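# Fold and geometry: a report
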Amino acid sequence: MAKNSQIEWTHHTFNPWWGCKKVSPACDHCYAELWARRMGHDLWGADSPRRFFGEAHWREPLIWNEEAQQTGVRQRVFCASMADVFERRSDLNAQRLRLWELIDDTPNLDWLLLTKRPQNVRRIAPWGTNWPANVWLGTSVENQTLAEKRLPFLLKSPARVRFLSCEPLLGSLDLRQWFKRDGFYSIDWIIAGGESGGASRPMHPDWIISLLHQCNDFNVPFHFKQWGHWVPVQLAHGVTRTRLIEIENERPVEMVRLSKKLAGRILEGVTWDGVPHTPQIHA
């Protein structure tokens, strides 16, 4: 949990528990698993325990809610950075029930529920067709195969905002058919970025530029979070050691491995900090 999160697209993070099971290629180098292990916890896998928290932890969002009410500025809460709210495990049900109650008690916070399991949302979420105004639902989409698998479930949800996290972006995405599709709700926001970490995989520049252009074409807010640890040579000023990145079915491209901070988050000369506009909710 973190107030004033370092994640650029949220204000705070909150975890009802820690731990998960890997389900797709984006999970291969999971930062949350690495962080948990650094803290001495073995929490990843179907049979591993989950880490739960006490009263002080659960009171924090109530404080954030009061602060947001006093300032009149809504705050976004990413839930959960170290878990998946829609993981199907019966030992998580009590924590989920408490989370639903907490969301109801914090109307000045917008809760961003990001999942790699959107197929479980209808079964697990308690709101049916009447979702709270302060809940945004997102799913992770790292390549076209996962987009085709997950988007039909996400875009059937009547959440106030539906968003995609395309990070780490591991392949090209063509989402044009999904932006405006009969029988489905809209895509309201896209967050995208490359992978970081010691074993990070390069994100081809064409993938992210195409995604940006698709968002612009359909007037969808776009947030570029990071290049990760690989950046096109044109953005790595003064660096002489480059690597020719050759990815199947893509043009070869010269890239440089840098720290995440040095690689930055500039795309086509701009910092993209798009976020959906949502009217103020009066608590």
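Residues numbered from 1 in each chain as written. Predicted model: local features only at pLDDT ≥ 70, side-chain atom pairs only at ≥ 80, totals over all residues. Heavy atoms only, no water.

This part is about the overall build of the protein. What the protein contains, in helices and strands, is eight helices and 12 strands. Taken over C-alpha atoms, the radius of gyration comes to 19 Å for the protein, in line with the 19 Å a tight globule of 283 residues would show. With respect to the principal axes defined by its C-alpha atoms, the protein has extents near 55 × 45 × 35 Å. Taking the contacts inside the protein whose residues are at least 6 apart along the sequence as the reference set, 77% of them involve residues at least 24 apart. Put simply, the protein shows about 13500 Å² of open surface, and 50% of that area lies on carbon and sulfur atoms. Averaging the coordinates of the 35 positive side-chain charges in the protein and doing the same for the 31 negative ones gives two points 3 Å apart. (Helix = DSSP H or I, 4+ residues; strand = E, 2+ residues; numbered from the N terminus. Rg over C-alpha atoms; globule rule 2.2 N^0.38 Å. Contact = heavy atoms within 4.5 Å. Areas by Shrake-Rupley, 256 points an atom, 1.4 Å probe, with all protein chains shown as cover. Lys, Arg positive; Asp, Glu negative; His and termini not counted. Charge placed at Lys NZ, Arg CZ, Asp CG, Glu CD.)

Take helix α3 (residues 93-105) next. For α3, spanning 13 residues, the distance from its first C-alpha to its last is 18 Å, which sits close to the expected 18 Å at 1.5 Å a residue. For α3, the complete set of buried residues consists of Q95, R96, L99, W100, L102 and I103. The buried residues of α3 occupy an angular sector of 160° when the element is viewed end-on, so they sit on one face. Facing away from the buried side of α3 by more than 90 degrees, the exposed set consists of A94 and D104. For α3, the secondary structure elements touched by its buried residues are α2 (55-71), β2 (75-79), β3 (109-115), α4 (121-124) and β4 (135-140). (Expected span 1.5 Å × (residues − 1). Buried < 20%, exposed > 50% of the residue type's maximum accessible area, 1.4 Å probe, protein only. Arc of directions from axis to C-beta.)

Scanning the model with the defined rule gives 16 salt bridges in all. Between R89 and D91 there is a salt bridge, with the nearest N and O atoms lying 2.8 Å from each other. Residue classification places R89 among the buried positions, given a relative accessible area of 15%. For D91, a relative accessible area of 36% puts it in the partly exposed group. Through salt bridges that share partners, K22, E33, R37 and D42 make up one connected network. (Salt bridge = Lys/Arg side-chain N within 4 Å of Asp/Glu carboxyl O.)

A word on the state of the cysteines. Counted according to the given criterion, the structure contains zero disulfides. The structure places no disulfide on C30, whose sulfur is separated from the nearest cysteine sulfur, that of C27, by 6.3 Å. Here C166 is not disulfide-linked; the sulfur of C215 is the nearest cysteine sulfur, at 7.8 Å. (Disulfide = S-S within 2.5 Å.)

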